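# Observations on the three-dimensional arrangement
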Amino acid sequence: ARALTPQTAETDAIRFLVGTQSLRYDNQIHIIDFDDENNIINKNVLLHQVGEIWHISTSPADKGVLATCYNKTSDTKVMTCAAVWRMPKELESGSHESPDDSSSNTQTLELLCHLDNTAHGNMACVMWEPMGDGKKIISLADNNILFWDLQESSAKAVLSSSAALEGKGQLKFTSGRWSPHHNCTQIATANDTTVRGWDTRSMRQIYCIENAHGQLVRDLDFNPNKQYYLASCGDDCKVKFWDTRNVTEPVKTLEEHSHWVWNVRYNHSHDQLILTGSSDSRVILSNMVSISSEPFGHMVDDDELSDQEDQHQEEKIKEPLQDSVIATYEEHEDSVYAVEWSSADPWLFASLSYDGRLVINRVPRALKYHILL
């Protein structure tokens, strides 16, 4: 398995979706519900009979709607296609109890529409407009950016605009992220060693970070609380943080992994917490506090301090806090292809390795209280 996503529209229950990659059996989407109080994982299985799942993403507005990118073999040629699906009504929200014997009642996904891309090449990923009503989608296919409008029932996708990468070399997108800032009018894409920013209104390039990494760029993520800040990771084992207004040098670089870094994710609430997953089989949680939206920690109210404390406090406040690796998780025995934060609980995250092992972890309690108090 390599496809993992939180159920973005579900903000009460802790829920992740995992897509499988099996050549022999029908592929499936596993709906994973984590019961935080009792530390129990419940699982429901949906059949995804069209092929191996390479990427999965969920609608920000509708709990029941998701998109997958999957492999389809036709006439000895393998194509990666994308489609939008709806899960059965009773599985949409994350509060239900899982039956003991889930094998007997495997259900199928309802196809809403194909993001018809045979003309544009292989789909790399599908992104939903972050703050939107779940009607706007961008997909990356080979060297094309495709902007789709989902009609009323989501049963039809209309291609409203597109752009293409031009130039020499291997022009294929590996991944992309839609920025939650600037009224959701910007996206960032990765192809080869380059990161580019695009304006979704004109479909024109607005910045370009050439040689952002020494080798292939695998993943990107925007800081949710601080506009212009973007993280990237790649096959040079590095994670880099950029200010997109000045792209000559990264603001910070992390070099903690010993193999390709597949995934980088900012915490949605506390943007100093950065999660990375790599094919060195490790998940690393870092505290990048110096470039976060609170680089000096929480400000203390003046009224609470006496004069002497006051002076001391002021000296302390001016010092930016130190960046550090908080924890390295080694529960996986295979390449970690995906890490994701829960949409419902900011202190909880999941990681997925190729052998199909899903691990759910919490931010260490001491750090959680340090951030909160």
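Quick caveat: nothing in here was measured; it's all calculated off a predicted structure. (Residues numbered from 1 in each chain as written. Predicted model: local features only at pLDDT ≥ 70, side-chain atom pairs only at ≥ 80, totals over all residues. Heavy atoms only, no water.)

### As for the packing of aromatic side chains
The geometry of two aromatic rings is summed up by the distance between their centres and the angle between their planes. Taken as a whole, this structure holds seven aromatic pairs when the rule is applied. When the centroid spacing of 4.4 Å and the interplanar angle of 65° are considered together, the rings of Trp262 and Tyr337 count as edge-to-face. With Trp262 in strand β22 (residues 261-266) and Tyr337 in strand β26 (residues 336-341), the pair connects residues that are 75 residues apart, well separated along the chain. Note on accessibility: Trp262 and Tyr337 belong to one class, buried. Each member of the aromatic cluster is reached from another via a ring pair, and the members are Trp260, Trp262, Tyr337 and Tyr354. The cationic tip of Lys226 hangs over the ring face of Tyr229; the distance from NZ or CZ to the ring centre is 4.2 Å. (Phe/Tyr/Trp six-rings, centres within 6.5 Å; stacked < 30°, edge-to-face > 60°. Helix = DSSP H or I, 4+ residues; strand = E, 2+ residues; numbered from the N terminus. Buried < 20%, exposed > 50% of the residue type's maximum accessible area, 1.4 Å probe, protein only. Lys NZ or Arg CZ within 6 Å of the ring centre and 35° of its normal.)

### Thoughts on the sheet that holds strand β5 (residues 53-58)
Taking strand neighbours across the sheet as the criterion, the four strands line up as β5-β6-β7-β9 in an open arrangement whose pairing is antiparallel. Strand pairing shows two members of the sheet lacking a second neighbour, β5 and β9 (110-114), which therefore form its edges. Strand-to-strand twist in this sheet, taken as the mean axis angle between neighbours without regard to direction, amounts to 35°. The sheet contact formed by strand β7 (residues 77-86) and β9 spans four bridges and is antiparallel. Its bridge partner lying in β9, Trp85 is registered against Leu111. (Pairing = 2+ DSSP bridges. Axes fitted to C-alpha atoms, helices over the stretch in contact; angles between N-to-C directions.)

### A look at the side chain of Thr244
Considering the arrangement of structural elements, one finds Thr244 in the loop between β20 (239-243) and β21 (252-254). Ignoring any residue separated from it by four or fewer positions in sequence, one finds Thr244 in contact with Tyr207, Tyr228 and Leu230. (Contact = heavy atoms within 4.5 Å.)

### What about the nonpolar core?
If you look at soluble globular proteins, the nonpolar side chains tend to sit buried side by side. Counting 17 residues, the largest nonpolar core has Val84, Leu115, Met123, Val126, Trp128, Ile137 and Leu150 as its most contacted members. Elements supplying a minimum of two residues to this core: β6 (65-74), β7, β9, β10 (123-128), β11 (136-141) and β12 (144-150). When near neighbours in sequence (up to four residues on either side) are disregarded, Ile137 contacts Val84, Leu115, Val126, Met127, Trp128, Leu146, Phe147, Trp148, Leu150 and Trp178. In terms of nonpolar packing, the next biggest core, distinct from the first, is built from 16 residues, Leu66, Ala83, Leu91 and Leu109 among them. (Core = buried A, V, L, I, M, F, W, Y, C linked by side-chain atoms within 4.5 Å.)

### Brief notes about unusual backbone geometry
Positive phi, normally seen in glycine, also occurs at Cys184, with a value near 55°. Mapped onto the secondary structure, Cys184 falls in the loop between β14 (173-178) and β15 (186-191). Residues other than glycine seldom take positive phi values, yet Cys237 does so here, at roughly 70°. Tracing the backbone through its elements, the reader meets Cys237 in the loop between β19 (229-234) and β20.

### What to know about the UniProt feature "repeat: WD" (unreviewed entry) in the protein chain
The UniProt record annotates "repeat: WD" (unreviewed entry) at residues 210-246. Secondary structure over residues 210-246 splits into 0% helix and 46% strand, and the C-alpha atoms at its two ends are 12 Å apart. (UniProt positions renumbered as here; feature names shortened; annotations may be inferred.)

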